[in-house]
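Structural features, examined
The residues making up each chain are set out below.
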Amino acid sequence: MPTAIERLRDSALAAALLALLTGCEARVSVDLAASGHGSTDEVNLAIDGVDLLDEDGSNHELDRDGDDDTVDVLDYIDGDSVRLVDEARLAQGRYTGLRLRFADSGSTLVTASGASYPIDVIGNASFADIDIELGEDDSAEQQVILETRFSLYPSTTVNGHYSLQPVMRVVDTQRSGSITGSVDAELMRSSNCRQGRALGEGAAVYAYSGANVSPRDYLQDTGGSPVASADIVVNDDAASFSYQFAALKAGRYTLALTCNADGDNPTVSDAISFLATASVQLSEQDSESVTLSQ
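Residues numbered from 1 in each chain as written. Predicted model: local features only at pLDDT ≥ 70, side-chain atom pairs only at ≥ 80, totals over all residues. Heavy atoms only, no water.

So, the state of the cysteines
This model, assessed by the stated rule, comprises one disulfide. For C193, the disulfide goes to C259, at an S-S distance of 2.0 Å. An S-S torsion of about -85 degrees defines the bridge between C193 and C259 as left-handed. Placement of the pair is C193 in helix α4 (residues 191–194) and C259 in the loop between β20 (251–258) and β21 (276–282), with a sequence separation of 66 residues. For the pair C193 and C259, a shared accessibility class is recorded, and that class is buried. (Disulfide = S-S within 2.5 Å. Helix = DSSP H or I, 4+ residues; strand = E, 2+ residues; numbered from the N terminus. Buried < 20%, exposed > 50% of the residue type's maximum accessible area, 1.4 Å probe, protein only.)

Considering unusual backbone geometry
Here E87, not a glycine, exhibits a phi torsion of approximately 55 degrees, which is positive. On the basis of relative accessible area, E87 is assigned to the partly exposed category, the value being 36%. Although it is not a glycine, D237 adopts a positive phi angle of roughly 55 degrees. With respect to the element layout, D237 can be found in the loop between β18 (233–235) and β19 (240–248). Since its relative accessible area comes to 83%, D237 is described here as exposed.

Side note on the environment of L134
With respect to the helices, strands and loops of the structure, L134 is situated in strand β10 (residues 128–134). Using a relative accessible area of 4% as the deciding quantity, one classes L134 as buried. C-alpha of L134 to C-alpha of E25: the two residues are 109 residues apart in sequence and 8.5 Å apart in space. Residue contacts for L134: discarding those within four places in its chain leaves A26, L90, Q92, G93, Y95, S139 and A140. (Contact = heavy atoms within 4.5 Å.)

Considering the packing of aromatic side chains
Under the criterion given, the structure shown has five aromatic pairs. The interplanar angle of 65 degrees and the centroid separation of 5.8 Å between the aromatic rings of Y117 and Y162 together place this pair among those described as edge-to-face. In this pair, Y117 is assigned in strand β9 (residues 116–121) and Y162 in strand β13 (residues 162–164), connecting sequence segments 45 residues apart. The exposure class assigned to Y117 is partly exposed, which follows from its relative accessible area of 29%. An angle of 65 degrees between the planes, with centres 6.0 Å apart, marks the rings of Y206 and F274 as edge-to-face. (Phe/Tyr/Trp six-rings, centres within 6.5 Å; stacked < 30°, edge-to-face > 60°.)

Here we look at the sheet that holds β18
In any sheet, the strands associate via hydrogen bonds between backbone groups, in a parallel or an antiparallel arrangement. Pairing is mixed across the open sheet formed by four strands, whose spatial order is β18-β19-β15-β22. Edge positions in the open sheet fall to β18 and β22 (287–292), since each of these has one partner strand only. For this sheet, the mean inter-axis angle between neighbouring strands, taken without regard to orientation, is 25 degrees. Sheet topology note: the strand β15 (residues 177–183)/β22 ladder contains six bridges and is parallel. Note on β22: the bridge partner recorded for T180 is S289. (Pairing = 2+ DSSP bridges. Axes fitted to C-alpha atoms, helices over the stretch in contact; angles between N-to-C directions.)

Section: the pattern of salt bridges
In the structure shown here, the tally under the stated rule is 14 salt bridges. Close ionic contact of D31 with R83 constitutes a salt bridge, the shortest N to O distance being 2.7 Å. One end of the pair, D31, is in strand β1 (residues 25–34); the other, R83, is in strand β6 (residues 82–91), with 52 residues separating them in the sequence. With a closest N to O distance of 2.9 Å, R94 and D131 form a salt bridge. With R94 in strand β7 (residues 93–102) and D131 in strand β10, the pair connects residues that are 37 residues apart, well separated along the chain. For D131, a relative accessible area of 54% gives the class exposed. (Salt bridge = Lys/Arg side-chain N within 4 Å of Asp/Glu carboxyl O.)

Right under this line is the structure:
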């Protein structure tokens, strides 16, 4: 039986070994945000964790913090976010991809009327591009934004289900910028926008990478698709209309207003129309305001 001195020696050795091992690691935190999804009330996703891809092609699985079975991602739009991974230990090195890891079941979509539909996750999510180099004792914070409009669509195989093929983008929270703005009230009230529907229904702003881009619908695996979307918010008793992109990488963007976003199915080419466009340059840690009008 080990003596007290031997047990103390073994504990000291174990502590020294742990310090040596953890001293060769970095730490990473990952937050989740989302774009809006029109009149949908909830998008409850069963997220198990986050995967990081290193430059050698190895996948590093990080489990999600917290006890909740699902996350209603629509609670985290317009600048809000939830922490999925907090200060997780990670091997030093360069990382080039990040994706969410979903459970096989348990995700649901709830409409404004209260109807609930199961969400089926289509295969493994693709890795969103990142580029972070982590040395010993380095730490990094990344925010992943799930573009719900481009990710969810009615299932073509199971009646009464939705399919989720996640479209994500990742921003460095220390280097991103934001775009906020308004939409001309006359344009929002026009018959071209309302199309006999409730004011603001189907209205959204799409963001495209580059200046003076000709806007189009989102189509999976197709160049020229928008990189982000933002719902139009009807404010002040329908007196004004606003939108917000809370986190975008620095760069040049084209913004385009559509009132047919609710008809944009990411699996097919949709002939949706756009009523106004504008270009904007966004710098790191910058905030730009853009008004969209005819």
